[in-house]
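This is what each chain is made of:
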Amino acid sequence: MYTADMRELMKKVVETRSQRLGKDFPRMSPEEKIDVLNENHPDYTDKGFRVLKHGVNKGQRVPKELADLIEAKSKLENIDINLGKIDYDVDVLIIGGGGAGAAAALEADEKGAKVLITTKLRFGDANTMMAEGGIQAADKENDSPDKHYLDVMGGGHYTNVPELAAALVKDAPSAIKWLDDLGVMFDKEADGTMVTTHGGGTSRKRMHAAADYSGAEIMRVLRDEVRNKGIEVLEFSPVVELILDSDGKAAGAVLHDLETGRYLVARAKTVIMATGGAGRLHYQGFPTSNHYGATADGLVMGYRVGVELAFADTIQYHPTGVAYPAQIFGALVTEKVRSLGATPLNVDGEQFVYHLETRDVEASAIIRECNVKGKGLPTPSGGSGVWLDTPLIEIIHGEGTIEKRIPAMMRMYLKFGIDMRKEPILVYPTLHYQNGGLLIKENGETQVENLYVAGECAGGIHGKNRLMGNSLLDIIVFGRRAGKDAGEKYKSIEVKELTLDHIKKYSDEMKYNGVETDRVSPILLPSYTHGREEDEKN
Ligand code: MEZ
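Rules used throughout
Residues numbered from 1 in each chain as written. Predicted model: local features only at pLDDT ≥ 70, side-chain atom pairs only at ≥ 80, totals over all residues. Heavy atoms only, no water. Helix = DSSP H or I, 4+ residues; strand = E, 2+ residues; numbered from the N terminus. Buried < 20%, exposed > 50% of the residue type's maximum accessible area, 1.4 Å probe, protein only. Contact = heavy atoms within 4.5 Å. Domains from an automatic or database assignment. Buried area = accessible area lost by both parts, 1.4 Å probe. Pairing = 2+ DSSP bridges. Axes fitted to C-alpha atoms, helices over the stretch in contact; angles between N-to-C directions. Parallel < 35°, antiparallel > 145°, perpendicular 65-115°, else oblique. Nonpolar A, V, L, I, M, F, W, Y, C, P; charged D, E, K, R; others polar. UniProt positions renumbered as here; feature names shortened; annotations may be inferred. Near = heavy atom within 4 Å. Polar contact = N/O pair within 3.5 Å; in protein donor to acceptor, adjacent residues only side chain to side chain. Areas by Shrake-Rupley, 256 points an atom, 1.4 Å probe, with all protein chains shown as cover.

- The protein carries the name Fumarate reductase/succinate dehydrogenase flavoprotein domain protein in an unreviewed UniProt entry, which gives Ilyobacter polytropus as its organism.

Take a look at the structure:
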């Protein structure tokens, strides 16, 4: 329910609507984009970052909260793990029960591997589940993977690892077909043609969606399929450290059974890390659209065994998180709302940015409008936001469009007495995605042999900025690639003696480089207490 003051301000939106209808706000020039990013995007300031003192990325900057976890002690530093007692012995160990982990498991299983998925919370508690607006693929006649490639590279400011971006777009049409065949209920026209829309920075309409719960729908189907295939899944069993063998190759992991408190040893010929993102680290104090378990665990554990981080200093602030009401502060307002025509407006009811700039540019323009130009709307909890003129969607596409195309959004707001079909909504950027992560090759493997990474904890694909819908795509493309490769490679692998020696080596190296810390990582769950007591208990 809006306050009386907000309702008063809302009148400006209604007043300017007819002049805005049918007119596209001009897009920014390349120079304007550079300026708005430099001056407003949280990645382009130094304040949220510090330089790592040790390890493969020594001397490079990462967000402070991540640096603290990378330069922290292992949970196992003072715990004796009996590596002679193997609790699980598998061909492919998959760490993480989101979309990438599930896709990898299905492909490895298809190759005949004995697969184990181990996951921190429940199977499907992942950012995949939170993705709303869709998944990109160039599978229509006016489109091609080449065009998709150019958009991906442009969105990433041409910093993306070209081979990874190429793999992403090349596999995209078959990824959609795979999901469709498995039973994902994509939005289709009566003749079966997929309904596709634009996202920020796309030159063609290639966003395939299942209303505005695309990720949940994909996860539903993948999870069912994993269960139907009889693949073993351990829930509430996060990995706390990777295990190497005496040749320095990945050879398993130590799991922490959260129910019994016991540490368990999983030996594996190949390991696929698919632990997801880091939104719950709340970089620079931002709220997040991420699920509760997004705490950068994979980055921490991968770095400890020597995998390089790529673009770890580039974070995606989704332009439209909920700014009001406070109960859902920071929750995702899918980009699809803008794809369908809703435009961002300032306190005077004026549009100040084209509604589908790439995410980093769009978010920066909103931050500038609120924090520099002072043209945001104040919220009762002391923040600010800009309007997103959602009733435009019904005007442009006809009554009933919001309920049909973005029903989850509509219901989320209705719970708080806001009918987005009739009233605009208030938004502000929210921490949504880590653009970078552990550097992978095209088959998903890292520079540590037999260790693969897929999904949000992988780095290089999106460069400095990802476009909408390329994350649901990358979890499928690189999950499948990793699963297929690991599911073949294990056949020729003989695991040598297991070791956790890298923990001591890492700790010695930290001391040598002058790192002093009382922190322990991975933290596994975020702490919302004022101190860090909870983290340390983990
Ligand atoms: O790719 C995403 O992050 C996505 C689809 C988010 C959204 O706005 O719905």
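**Section: the side chain of His291**
Now for step 1: Within the secondary structure, His291 is located in the loop between strand E12 (263–273) and helix H9 (297–304).
Now for step 2: Under the relative-accessibility criterion, His291 is labelled buried at 12%.
Now for step 3: Residue contacts for His291: discarding those within four places in its chain leaves Leu121, Asp125, Ala126, Asn127, Met130 and Arg280.

**Let's talk about the domain arrangement of the protein**
Now for step 1: Per the domain assignment, the segments making up the protein are domain 1 (4–40 + 315–431) and domain 2 (88–314 + 435–496).
Now for step 2: The distance between the C-alpha centroids of domain 1 and domain 2 comes to 30 Å.
Now for step 3: Taken together, the contacts link 28 residues of domain 1 with 33 residues of domain 2.
Now for step 4: Of the roughly 2400 Å² buried between domain 1 and domain 2, counting both surfaces, carbon and sulfur atoms make up 56%.

**Observations concerning the sheet that holds strand E13 (residues 309–310)**
Now for step 1: Read from one edge to the other, the open sheet built from three strands follows the order E13-E19-E21, with strand pairing classed as mixed. The sheet is open, and its two edges are formed by E13 and strand E21 (458–459), each paired on a single side.
Now for step 2: As paired strands, E13 and strand E19 (residues 437–439) are joined by two bridges and run antiparallel to one another. If you follow Ala310 over to E19, its bridge partner there is Gly437.

**Digging into the packing of helix H7 (residues 162–182) against helix H15 (residues 470–489)**
Now for step 1: For the pair H7 and H15, interaxial distance at closest approach is 8 Å and the crossing angle is 90°. Compared by their axis directions, H7 and H15 come out roughly perpendicular. Between H7 and H15, the residues in contact are Leu164, Ala167, Leu168, Lys170, Asp171, Ala172, Ser174, Ala175, Trp178 and Leu179 and Asn470, Leu473, Asp474, Ile476, Val477, Phe478, Arg480 and Arg481, respectively.
Now for step 2: Its residues assigned to classes, the contact of H7 with H15 comprises eleven nonpolar, two polar and five charged.

**Notes on the UniProt feature "active site" (unreviewed entry) in the protein**
Now for step 1: With numbering aligned to this structure, UniProt lists the feature "active site" (unreviewed entry) at Arg359.
Now for step 2: With respect to the secondary-structure elements, Arg359 resides in helix H11 (residues 359–372).
Now for step 3: Ignoring any residue separated from it by four or fewer positions in sequence, one finds Arg359 in contact with Gln316, Tyr317, His318, Pro319, Glu335, His432, Asn465, Arg466 and Met468.

**Focus: the sheet that holds strand E8 (residues 207–208)**
Sheets are built from strands paired through backbone hydrogen bonds, the pairs being either parallel or antiparallel.
Now for step 1: What the three strands build is an open sheet, ordered E6-E8-E7; its pairing is antiparallel. The open sheet terminates on both sides in strands that have one partner only, identified here as strand E6 (135–136) and strand E7 (196–197).
Now for step 2: Sheet analysis places E6 next to E8, joined by two bridges and oriented antiparallel. Note on E8: the bridge partner recorded for Ile135 is His208.

**Concerning the site of the ligand**
Now for step 1: As a matter of local geometry, the ligand sits amid Glu132, Gly133, Gly134, His318, Leu332, Thr334, Glu335, Arg359, His432, Arg466, Met468 and Gly469.
Now for step 2: Residue His318 places a side-chain N or O atom 2.8 Å away from an oxygen atom belonging to the ligand.
Now for step 3: In isolation the ligand has 270 Å² of accessible area, and contact with the protein removes 99% of it.
Now for step 4: Taken together, the residues that form the shell around the ligand break down as two nonpolar, six polar and four charged.
Now for step 5: Both domains that meet at the shell around the ligand, namely domain 1 (4–40 + 315–431) and domain 2 (88–314 + 435–496), each give it at least three residues.

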